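Descriptive structure summary
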Amino acid sequence: SELRQVKGELKTEKFKSSAAEAGTKFANTVGSLLGSSKIERQQQEIDALKAENYMLTMQVSNKDRQIRTLHSDHQSDIERLQRSHNRDVTAKQTELDCIADWFPDVPQLAASADYCREVGFSREQTQVLLTLKPVEYTGKLRSPKSGRSYEADNVTARLEKRHSTSGSGFTLTINGTPILQWFKQQFEKLKQAVLPQQSRGRGIG
């Protein structure tokens, strides 16, 4: 009887122990499955974010390199064009200095050409005047100073070289008269023609 009782107690304890161990293993297994699945998903998300961040970093780095390259190329183009421009300017200045040394009248003739064109001579007429040859002209001549235009009827225009204490230069003449003086003469003629008409108008009034 005691032996049966002891055996019964042993079986009960063994069953309880086995059940407890089985329950623990089951609980651990379920918890492990559930927990590891969530952790794995989180780790996958972390890995994906890390990969995306790496790709974005690489793209930004590539863009930075491209921008630096473009900036460097652009700066090189500017410097190259600036050097070319400076060479051209130096060459032109050297050419102008050479012309001024060998042909000192050229700058003054160039200014005279502009003046001839401004008062009313055509390009072809100006080219003849620059050779210091006379030009027969009929038409209007405009005073750059006053802005008035005067009729020139079959006059002879010529560029004449003049010398003065301030240096030599060229004067445009109309029938041998310097054009500034000619403009004054035309203005006086116009004024004299207008005054009698005004006097007659006052007398009539």
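Scope of this entry: the structure provided in the associated data block. (Residues numbered from 1 in each chain as written. Predicted model: local features only at pLDDT ≥ 70, side-chain atom pairs only at ≥ 80, totals over all residues. Heavy atoms only, no water.)

1. A few points about the pattern of salt bridges
Definition in use: Criterion for a salt bridge: a side-chain nitrogen of Lys or Arg within 4 Å of a carboxyl oxygen of Asp or Glu. We count a stretch as a helix when DSSP gives it H or I for four or more residues in a row; a strand needs E for two or more, and each element gets its number in order from the N terminus. Exposure is judged per residue with a 1.4 Å probe applied to protein chains only, and the accessible area is read against the type maximum: over 50% gives exposed, under 20% gives buried, and values in between give partly exposed.
Scanning all chains against the criterion turns up four salt bridges. Where Glu 151 meets Lys 140, a salt bridge forms, and the shortest distance between an N and an O atom there is 2.8 Å. With Glu 151 in strand S2 (residues 149-164) and Lys 140 in strand S1 (residues 135-142), this pair connects stretches of sequence that are eleven residues apart. Given the relative accessible area of 52%, Glu 151 is considered exposed. For Lys 140, a relative accessible area of 48% gives the class partly exposed. Across the pair Arg 162 and Glu 160 runs a salt bridge, and its minimum N-O distance is 3.1 Å. Accessibility expressed as a relative area gives 23% for Glu 160, which makes it partly exposed.

2. Overview of unusual backbone geometry
Here Asn 154, not a glycine, exhibits a phi torsion of approximately 55 degrees, which is positive. Of note, Asn 154 is situated in strand S2. According to the relative accessible area criterion, Asn 154 is exposed, its value standing at 53%. Phi angles above zero are rare outside glycine, and Asn 175 is one such case at about 55 degrees. With respect to the helices and strands, Asn 175 occurs in the loop between strand S3 (167-174) and strand S4 (177-178).

3. Notes on the packing of helix H2 (residues 106-119) against helix H3 (residues 123-130)
As a reminder, the rule being used: Only C-alpha atoms enter the line fits that serve as axes; for helices the fit covers just the stretch in contact. Angles between N-to-C directions range over 0 to 180 degrees. Take the far helix as your reference; a near helix turned counterclockwise from it by less than a right angle gives a left-handed crossing, and one turned clockwise gives a right-handed crossing. Throughout, a contact is declared for two residues whenever any of their heavy atoms are within 4.5 Å. Following the grouping adopted for this structure description, the nonpolar residues are Ala, Val, Leu, Ile, Met, Phe, Trp, Tyr, Cys and Pro, the charged ones are Asp, Glu, Lys and Arg, and the polar ones are all others, Gly among them.
For the pair H2 and H3, interaxial distance at closest approach is 10 Å and the crossing angle is 145 degrees. The handedness of the crossing between H2 and H3 comes out as right-handed. Here Leu 109, Ala 113, Cys 116 and Arg 117 of H2 lie close against H3, whose contacting residues are Arg 123, Thr 126, Leu 129 and Leu 130. Its residues assigned to classes, the contact of H2 with H3 shows five nonpolar, one polar and two charged.

4. Quick word on H2
So the rule is basically this: Take the number of residues in a helix, subtract one, and multiply by 1.5 Å to get its expected span. Here the arc refers to the directions that run from the helix axis out to each C-beta atom.
Compared with the 20 Å implied by 1.5 Å per residue over 14 residues, the 20 Å span of H2 between its first and last C-alpha is a close match. Considered for burial, the residues of H2 that qualify are Leu 109, Ser 112, Ala 113, Cys 116 and Val 119. Projected down its long axis, H2 carries its buried residues within an arc of 135 degrees, all on one side. Positive phi appears at Gly 120, one or two residues downstream of H2, with a value of about 135 degrees.

5. Observations regarding the nonpolar core
Note the cut-off: By convention a nonpolar core is built from buried Ala, Val, Leu, Ile, Met, Phe, Trp, Tyr and Cys residues, the set being connected through side-chain atoms within 4.5 Å.
Among the nonpolar cores identified, the biggest contains 19 residues, and Phe 121, Leu 129, Leu 141, Leu 172 and Ile 174 are the most heavily contacted of them. Residue assignment for this core shows that the elements contributing at least two residues are H2, S1, S2, S3 and helix H4 (179-204). No other element matches S2, which puts five residues into this core. Apart from residues no more than four positions distant in its own chain, Leu 129 is found in contact with Cys 116, Phe 121, Val 135, Ala 157, Arg 158, Leu 159 and Leu 172.

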